[in-house]
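Fold and geometry: a report
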Amino acid sequence: MTVEAHRVFVPRDTTARSMGADDVAAAIVAEAAGRGESVTVVRNGSRGLYWLEPMIEVEAGGARHAYGPVQSADVAALFDAGFLAGGEHGLGLGPTEEIPWLAKQSRLTFARVGITDPLSLDDYRAQGGYQGLARAVDLSRDEIIGIVTESGLRGRGGAAFPTGIKWRTVLNAEGAQKYVTCNADEGDSGTYADRMVMESDPFVLIEGMTIAGLAVGATIGYIYLRAEYPLAIRIMNEAIGIAEAAGLLGENVMGSGRAFHVEVREAAGAYICGEETSMLESLEGKRGVIRYRPPLPAIKGLFGAPTIVNNVITLASVPIILAEGAEYYRDYGTGRSRGTLTVQLAGNVRRGGLVEIGFGRTLRELLEDFGGGTATGRPIRAVQAGGPLGAYIHPSQFDTPLDYEAFDEIGGMIGHGGLVVFDDTVDMGEQARFAMEFCAIESCGKCTPCRIGAVRGVEVIDRILSGDDESGNLLLLRDLCDTMVAGSLCALGGMAPFPVISVLDHFPEDLRAR
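Sequence order as written defines the numbering, with residues in each chain counted from 1. At least 70 in pLDDT is required for a residue's local features to be given in this predicted model, at least 80 for side-chain atom pairs to be given and counted, and no such filter applies to totals for whole chains, interfaces and linings, which use all residues. To obtain the side-chain values, all non-hydrogen atoms of the structure were used and water was disregarded.

1. Thoughts on the overall build of the protein
- Helix numbering and strand numbering both begin at the N terminus, where a helix is a DSSP run of H or I of at least 4 residues and a strand a DSSP run of E of at least 2. Looking only at helices and strands, the protein has 23 helices and 16 strands in total.
- Its C-alpha atoms give the protein principal-axis dimensions of about 85 × 60 × 40 Å.
- Per-residue burial over the protein gives 58% buried out of 514 residues.
- Any two residues having at least one pair of non-hydrogen atoms within 4.5 Å are treated as being in contact. Of the contacts formed within the protein by residues at least 6 apart in sequence, a portion of 71% connects residues at least 24 apart.
- Here the protein displays about 19300 Å² of accessible surface, and carbon together with sulfur accounts for 50% of that area.
- Counted as positive: Lys and Arg. Counted as negative: Asp and Glu. His and the chain ends are not counted at all. Working definition for charges: the position is that of NZ of Lys, CZ of Arg, CG of Asp or CD of Glu. In the protein, 45 positive and 67 negative side-chain charges are present, and the distance between their average locations comes to 4 Å. To sort residues, take the accessible area from a 1.4 Å probe on protein chains only and compare it with the maximum for the residue type: under 20% means buried, over 50% means exposed, and anything in between is partly exposed. For the accessible areas, the method is Shrake-Rupley and the probe is 1.4 Å, while residue cover comes only from the protein chains on display.

Here's what the structure looks like:
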């Protein structure tokens, strides 16, 4: 009689591995062998509870039970406690789906992340994968775009432009060749959602890109993937090969008679290449410098052809929209912000990790209910939302709903969903200086307001902090910020002043002579 092996799940994503997940997996295999236990270790993706990594799970009694954070030295005691049967232990977290931090979320885009083996196509399909593409191959291009438009999906990379409108522009543009490009050059501080998708559920990105290709008549897709993500690069390339072998990519996608191919291209390491036209320049083998607009990439993009440019989370949201319908996705969220938002909690926060919720929850809920306050236990003084170009949000603004329009009203930006938390020891004057210094370093140099303005911004802030004509330089700093916002050719120069302005408005006591 064959004894069925216990299935133990140990994350293989970058964060879990950096915390010792590989050693834990090896220890479980060795301990099981020494005890004569039959165990299969599945290297799944992370559930996103990063303060508990490595968090392992075991199937027992029809549910998965979690333990964490586990180190290799804990493995023997876990076996002693009968963890293979869901036994009690000091590191036990109970049934995974009942962990409050997970139970309070609405996981649509991340529905499979942390559940499946990232490179198992059978796992992906068993959890609803490729249902969206199966529906798309039976629809016309116009029908696919209509569903995406009706869903209310907006770009999750920062600009929040309606995805359906962008796709329809590409569909209607003239061009014998069209492209789908995925901006996976995730460079914003405190963000890791793109990496989690690519390392933990790569097929959802491939499926989303394939649907986009069918929708606009594109036959080639490129993933512009951050070079600092070697594991994501490896997993995405493996997943592409698996999808091709299964007939889900290639010359005859799902027997539809339509072609679509996907290739990974390593990014060049420049923050500016997160800007869509700089990314296209880099994909063409050129220096990452922004392009003048118009024409828009949807009209004249990669190699001069009509091109979709979306980020990872946008494209990864498409399969469930096609599978479940526009109304299903649209019912999450509020106002013009529909569907779900993937929030990444980072910085000085007690419980850092990824949260997926419907738009409309408040920033305070994220920081307190999910984040648990600061890691130091001190009061939160500021939160930077939307990456290094996002404003610093003051505690008086923490009850602002997480939706694009509400954040715009307070001078903030949701962007890619990154939240970086600071306690009351932070020097906001130094944070304002950092924003200008960052822009000066990362500028492509094409336009004067960004190239010169950021350098002058650092100099002006230094004069303020040193007590040199403080009031005059404060006025000059505001004027400089206005010039950069109004005159820069792209968002790097146009938004770098946002953190500075937020410090001037809400933390003026820190922009004073020292």
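From this point, the discussion proceeds with the structure in view.
2. A look at the packing of helix α9 (residues 193-200) against helix α10 (residues 202-216)
- Put simply, α9 and α10 touch, their axes get as near as 5 Å, and they point 100° apart. Judged by the angle between their axes, α9 and α10 are roughly perpendicular. Across from V197, M198 and S200 in α9, the residues of α10 making contact are P202, V204 and L205.
- Under the scheme applied, nonpolar residues are Ala, Val, Leu, Ile, Met, Phe, Trp, Tyr, Cys and Pro; charged residues are Asp, Glu, Lys and Arg; polar residues are all the others, including Gly. In the contact of α9 with α10, the residues fall into five nonpolar, one polar and no charged. The convention used is that axes are lines fitted to C-alpha atoms, helices contributing only their stretch in contact, and that angles between N-to-C directions extend from 0 to 180 degrees. Relative orientations are named as follows: roughly parallel for angles under 35 degrees, roughly antiparallel for angles over 145 degrees, roughly perpendicular for angles from 65 to 115 degrees, and oblique for any other angle.

3. Examining α9
- With eight of eight residues buried, α9 is to be regarded as a mostly interior element.
- Residues A193, D194, R195, M196, V197, M198, E199 and S200 constitute the buried set of α9.

4. Some remarks on the pairing of strand β1 (residues 6-9)
- Only strands joined by at least two bridges in the DSSP assignment are considered to pair. In this structure, β1 lies alongside strand β2 (residues 39-42), joined through four bridges in parallel fashion. Looking at β2, one finds that H6 is bridged to V39.
- With two bridges connecting them, β1 and strand β3 (residues 56-60) associate as antiparallel partners. Along β3, the bridge assignment pairs F9 with E57.

5. Here we look at unusual backbone geometry
- Cis geometry marks the peptide bond from E53 to P54; its omega dihedral reads -5°.
- Mapped onto the fold, P54 is located in the loop between β2 and β3.
- Between R293 and the following residue, P294, the backbone shows a cis peptide bond with an omega angle of 0°.
- Phi is positive for M254, close to 50°, though the residue is something other than glycine.

6. Concerning empty space enclosed by the protein
- The distinction between a cavity and a pocket rests on a 1 Å grid over the protein atoms alone: a 1.4 Å probe fits inside a cavity but cannot get out, while a pocket stays open yet meets protein on both sides within 12 Å along at least five of seven lines, and a residue with an atom within 4 Å of a point counts as lining. Grid points are joined across faces, edges and corners, and a volume is the space filled by probe spheres set on the points. Here the structure, examined in full by the defined rule, presents two cavities of 30 Å³ or more.
- Approximately 60 Å³ is the volume found for the largest cavity.
- Lining the largest cavity are I272, I290, S443, C444, G445, K446, C447, C450, L489, C490, L492 and G493.
- When grouped by side-chain class, the residues that make up the lining of the largest cavity number eight nonpolar, three polar and one charged.
- In this structure, the second largest cavity encloses a volume near 40 Å³.
- Residues that form the lining of the second largest cavity fall into these classes: three nonpolar, four polar and one charged.

7. A word on the pattern of salt bridges
- Within this document, salt bridges are pairs made up of a side-chain nitrogen of Lys or Arg and a carboxyl oxygen of Asp or Glu, the two lying within 4 Å of each other. Counted according to the given criterion, the structure contains 34 salt bridges.
- Across the salt bridge formed by R154 and E405, the nearest N and O atoms sit 3.3 Å from each other. Of the two residues, R154 is situated in the loop between α7 (141-151) and α8 (163-172) and E405 in helix α17 (residues 404-409); the sequence distance between them amounts to 251 residues.
- Given a relative accessible area of 9%, R154 falls into the buried group.
- As a salt-bridge pair, R381 and E509 come within 2.8 Å of each other at their nearest N and O atoms. Remark: E509 occurs in the segment after α23 (497-506) and R381 occurs in strand β14 (residues 380-385); sequence separation between them is 128 residues.
- Linked through salt bridges whose partners overlap, the residues forming this network are R47, E57, R64 and E97.

8. Quick word on the state of the cysteines
- Whenever a pair of cysteine sulfur atoms sits within 2.5 Å, that pair is classed as a disulfide. Summed over all chains, the structure comprises zero disulfides.
- Summary of cysteine pairing: C450 is not part of a disulfide, and the nearest cysteine sulfur, belonging to C439, is at 3.6 Å.

9. Comments concerning the sheet that holds β14
- Spatially, the five strands line up as an open sheet ordered β13-β12-β16-β14-β15, and their pairing is mixed. Strands with a single pairing partner mark the edges of an open sheet, and in this sheet they are β13 (353-358) and β15 (392-393).
- For strand β12 (residues 340-347) and strand β16 (residues 418-423), the ladder comprises four bridges, and the chain directions are parallel. Each residue of the ladder has a partner; that of A346, found in β16, is V420.

10. Overview of the packing of aromatic side chains
- Aromatic contacts are taken between Phe, Tyr and Trp rings whose centres are within 6.5 Å, Trp giving its six-membered ring; a plane angle under 30 degrees counts as stacked, one over 60 as edge-to-face, and the others as tilted. Tallied over the full model, the rule gives 14 aromatic pairs.
- Consider the rings of Y67 and F83, whose centres lie 5.8 Å apart with planes at 90°: the pair is edge-to-face. Of this pair, Y67 sits in strand β4 (residues 63-67) while F83 sits in the loop between α3 (75-80) and β5 (92-95), placing them 16 residues apart in sequence.
- Assessed through its relative accessible area of 1%, F83 is described here as buried.
- With 5.2 Å between their ring centres and 45° between their planes, F359 and Y404 make a pair best called tilted. Of this pair, F359 sits in the loop between β13 and α16 (363-370) while Y404 is found in helix α17, placing the two residues 45 residues apart along the sequence.
- For F359, a relative accessible area of 5% puts it in the buried group.
- A positively charged side chain is recorded as over a ring if its NZ (Lys) or CZ (Arg) lies within 6 Å of the ring centre. The angle to the ring normal must also be within 35 degrees. One Lys or Arg, R64, reaches over the ring of F9 and ends 3.6 Å from the middle of that ring.
- Over the ring of F370 we find K104, and its NZ or CZ is 5.0 Å from the ring centre.

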